[in-house]
Amino acid sequence: MPAVHRPNPQRRKEVDAVRRAALLFAGATIWLFLLAIPAMADNGPHVAGQNSTALQGSCAGCHRAHSGQAPYLVKATMPTLCYSCHGAGGAGATTDVQDGVAYAATSTPHAGTLGVSGGTSVSLTSVAGALRGGGFQYALINTNPSGGVTQDSNRTIGVLAAGAATTSSHSVDGTPVTMWGAGNLGNPGVGTTNVDLTCASCHDPHGNGQYRILKPLPDDATTGTAAVKIIDATAGTSMVYTTTNYGVLGEMAADPNSPLNPDGSSLQYDTATKTFTGTFLEASSRWCATCHTRYMSYAGAAGNKAWTAAGTIDNVYKYRHAVRDIVDPATNGAPTTGVLNPATASSQLKSGATIGSLTSSGTSPSAYSYVTRGVAVSGSSSGLNSAAAAGDYLTTSAPRCITCHVAHGTDAAVGTFAATGTSLVTGTTLDSALLRLDGRGVCQNCHKK
Amino acid sequence: MTTPELEVTAPDETSGLPIDLPVEEPAASPASVPDIVDEVPVKKGRRGKVIFLAFLAIVFAVTAIVGGWYLISRKPLPEVLPGIVTVKLPSFAFAIYGISKPMGVAVSPSGDRIYVAETEGGRYLHVYDGKGQQLASVAPPGSTQGSRVPAYVAVDPLTGSVYVSDRMKGSIYVYDRDGTYLSTFVPKPAMSTFLPLGLAFDTAGNLYVGDLDPAFHRVLVFGRDGVLTRTVGTVGTFNFPNGLAVDGAGNLYVANSNDGRVLVFDATGKETGSIPRGVGTGELGLPRGIALDDQTRLYVVDTTGQAIQIYATGQADGRPKYVGTAGEEGTGDGQFEYPFGAATDTRGRIYVADWANDRVQVWSY
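Residues numbered from 1 in each chain as written. Chains lettered and ligands numbered in written order. Predicted model: local features only at pLDDT ≥ 70, side-chain atom pairs only at ≥ 80, totals over all residues.

1. A look at the overall build of chain B
Secondary structure assignment for chain B yields two helices and 27 strands. Relative to its 365 residues, chain B shows a buried fraction of 44%. Taking as baseline every contact in chain B between residues at least 6 positions apart, the subset at least 24 positions apart corresponds to 45%. (Helix = DSSP H or I, 4+ residues; strand = E, 2+ residues; numbered from the N terminus. Buried ≥ 20, exposed ≤ 12 C-beta atoms within 10 Å, placed from the backbone. Contact = placed C-beta atoms within 7 Å.)

As structure tokens, this is what we get:
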């Protein structure tokens, strides 16, 4: 019978011991490997440089060729993209359009100083300069400087020490809004609804030499084919973007930081030439009118107490406040929708003799007059009451859109007449129609009724 | 008697012997019990076994120590076991949500306090514990949402106090580690223009402030007493300097945002190197946040690059050496949308203010 080999117990123990040790060693090795995996990221999911080469460069700062997130292949929607520099905190720009704040720049012509023209920078205190246009979420406009309901003329509209939530703004956060007065004359309704604006609707991020790099024609402009060039009257010396006060009627002064004196002894009115010298922004009203078309139109046909001229009656915007810079399209190719003719209007005003009060009788436009803010003209204390001065009104004295309104946002408390909803950002009721002053302050500043 | 011839045939399956080989039959034992043959144990000295087992034990112990150290400190392997060369890149760990457009982030050295400045919403300085649980939301006394914009944050290494810049107010506010307002930093001598943005401390506790002075942007260095000791940069040096970081040798790293570069200055203020702007690997677009860790790695948050660029410092030519990129554009974990500030703690964690995604991301190794 063959021999039976019996394992040696001692050897079995030794074999088992080695086997266990080997298993432990293998387990430890595996454990070590698992711990090391996060450190060996070259084989992990976060491959270095996956997109880095596509994210550099000036174009790539804002655009993506194939993965754009918004129109024009921009990589982020506006205003997020723009706020990354022009937003709160001021990380990359001298303007903070969320807060309506401007910081002094270091070079002309963008010397955004506190109201000092000529390109000279001045030291800023803790209160930065305020943007004339306000901000989209907060604005620094002292919209109730008198502290009461009744506004006074010659009001100096100062700058708040701290931003106040806006009560209306041009919507750039994606909220569809109504473009008041947009469209053709005679259209039904009040304008174009569900309009979605962005920063690039009005501004050209690539730069174009315009004041505030405004587009010659804003997006969604309902009229006009000729580009509107907005000129800063002080271009070449400085573009004063900020202000310590908004002055009387805002933009009418050459130096808006110089308060208007009742005796006319200010930069806003030249007593020698009997003209107002405020020419801050040429053509700005025309530019606004490319979107708010029907505000600048005139009505026709007898019976309408407006400027008589051939044209389509607009049942909503029948009578409109005169504004400066609206010229006959036949003469300079401006918006083709009917506009006021200053030459005609001026002659009509010149024939008027009732300067000092507003009447509504008769059909003659000359029955209409405009009470000024009380600036003496030709020795009179009742305002523009001379034919010569009246003739200059529309070309030199009439308000512009931005005389009463702001471009970005205002903190004025006006009431519900222009209620458009609730701010998605501040939660405040939007009802101030981008006006500079509370209540009817912008009216009182001129008409002093 | 003749010897029978041996014929080689196939082995027998049982005995293994050729089938035809004569088999000497053993004498039959009375009980027919097979012999039991004990295996002869392998001759192996006891000493050898002990040595072998001891070797295994040492290997196991080293593994346990290394693994434990890694779990605690999260140090990459090459730092624990020198000689191992790998590309060290962090990965996404977790995020803190509920913040409106965070711009600045700072963290206590141990990582038990995270500070985040938000630029929208309530515009608070938020205080979190190390796990991202919110502890407080604070603001300067008497301020309103419209009167403040907290931007960047830095932690005083000597006291743990938290410094928050506000360019709009021209101020730096100081809080304790739990968010209690302490004071407003007053630079000395008094400055007619003070527009602070980026903040940083060196190991000695000197405060570095990126000042967007209208004359020229610069970095101001203040001593512990608030006195201005020196100015870094002159006309044309900086263009919206954002994030600042200072290493142990006093070298200053500046995220020169609108210039698209990171500039490096030595302790005397002399420029010694830079990371260029461009489209190449490791080049920058809009650097805003910047931070150094205790392994002298430099983290640069590229706002338009939507990623963290990582560099090794201390190079002979003064230029940080590109190591890798962490993150990419997007809204998911590990993705960024216009990130801003950055911070690190001693545990190898990196904190990034993911501005447009309204969160702070925490990365680790």
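2. What about the overall build of chain A?
If you tally the helices and strands in chain A, you get ten helices and 17 strands. The 449 residues of chain A split such that 44% are buried. A fraction of 61% describes how many contacts in chain A between residues 6 or more apart in sequence connect residues 24 or more apart.

3. Thoughts on the sheet that holds strand β26 (residues 350–354) of chain B
All names here are of chain B. The sheet built from four strands is open, its strands ordered β2-β27-β26-β25 with antiparallel pairing. Edge positions in the open sheet fall to β2 (91–97) and β25 (339–344), since each of these has one partner strand only. For this sheet, the mean angle separating the axes of adjacent strands, direction not counted, is 25°. Pairing of β25 with β26, which is carried by four bridges, proceeds in the antiparallel orientation. Of the residues in β26, the one forming a bridge with P339 is D354. (Pairing = 2+ DSSP bridges. Axes fitted to C-alpha atoms, helices over the stretch in contact; angles between N-to-C directions.)

4. Some words on the nonpolar core
Grouped together as the largest cluster of nonpolar side chains are 132 residues, with contacts concentrated most on V105(B), V153(B) and I290(B). Once residues within four sequence positions are removed from consideration, V153(B) is found in contact with G104(B), V105(B), A106(B), Y115(B), A117(B), V162(B), Y163(B), V164(B) and L199(B). (Core = buried A, V, L, I, M, F, W, Y, C linked by C-beta atoms within 7 Å.)

5. Quick word on the sheet that holds strand β15 (residues 241–246) of chain B
All names here are of chain B. If you trace the four strands from one edge of the open sheet to the other, you get β15-β16-β17-β18, paired in antiparallel fashion. Pairing within the sheet leaves two strands with one partner each, and these edge strands are β15 and β18 (271–275). Within this sheet the neighbouring strands show an average axis-to-axis angle of 20°, counted without direction. With five bridges connecting them, strand β16 (residues 252–256) and strand β17 (residues 261–265) associate as antiparallel partners. In the strand pairing of β17, A255 is matched with V262.

6. Side note on the confidence of the model for chain A
Residues and elements named next belong to chain A. Per-chain confidence: chain A averages 59 in pLDDT, with 38% of residues scoring 70 or above. Per-element confidence in chain A ranges from a low mean pLDDT of 34 for helix α7 (residues 342–350) to a high of 92 for strand β15 (residues 409–410). Contacts for the low-pLDDT stretch residues 106–127, under 50 throughout, to residues beyond four places or in other chains number 59 contacts. This model gives residues 298–309 a pLDDT under 50, and the stretch forms 32 contacts once residues within four places in sequence are excluded. (pLDDT = per-residue confidence, 0-100.)

7. Focus on the pairing of strand β19 (residues 287–292) of chain B
All names here are of chain B. Of all six residues that make up β19, six are buried, and the element is covered over most of its length. Inspection of the sheet shows β19 paired to strand β20 (residues 297–302) by five bridges, in the antiparallel sense. Of the residues in β20, the one forming a bridge with G289 is V301. Following β19, the chain reverses through four residues before pairing antiparallel with β20; T296 in that reversal takes a positive phi of roughly 60°.

8. What to know about unusual backbone geometry
Between K188(B) and P189(B) the backbone carries a cis peptide bond, its omega angle lying at -5°. Of note in the backbone geometry, N194(A) takes a positive phi value of approximately 55° without being a glycine. Position of N194(A) among the secondary structure elements: in strand β9 (residues 191–195). Positive phi is not limited to glycine here, since R123(B) has a value of about 55°. Mapped onto the fold, R123(B) is located in the loop between β4 (113–118) and β5 (125–129). When the 23 C-beta atoms within 10 Å are taken as the criterion, R123(B) is described as buried.

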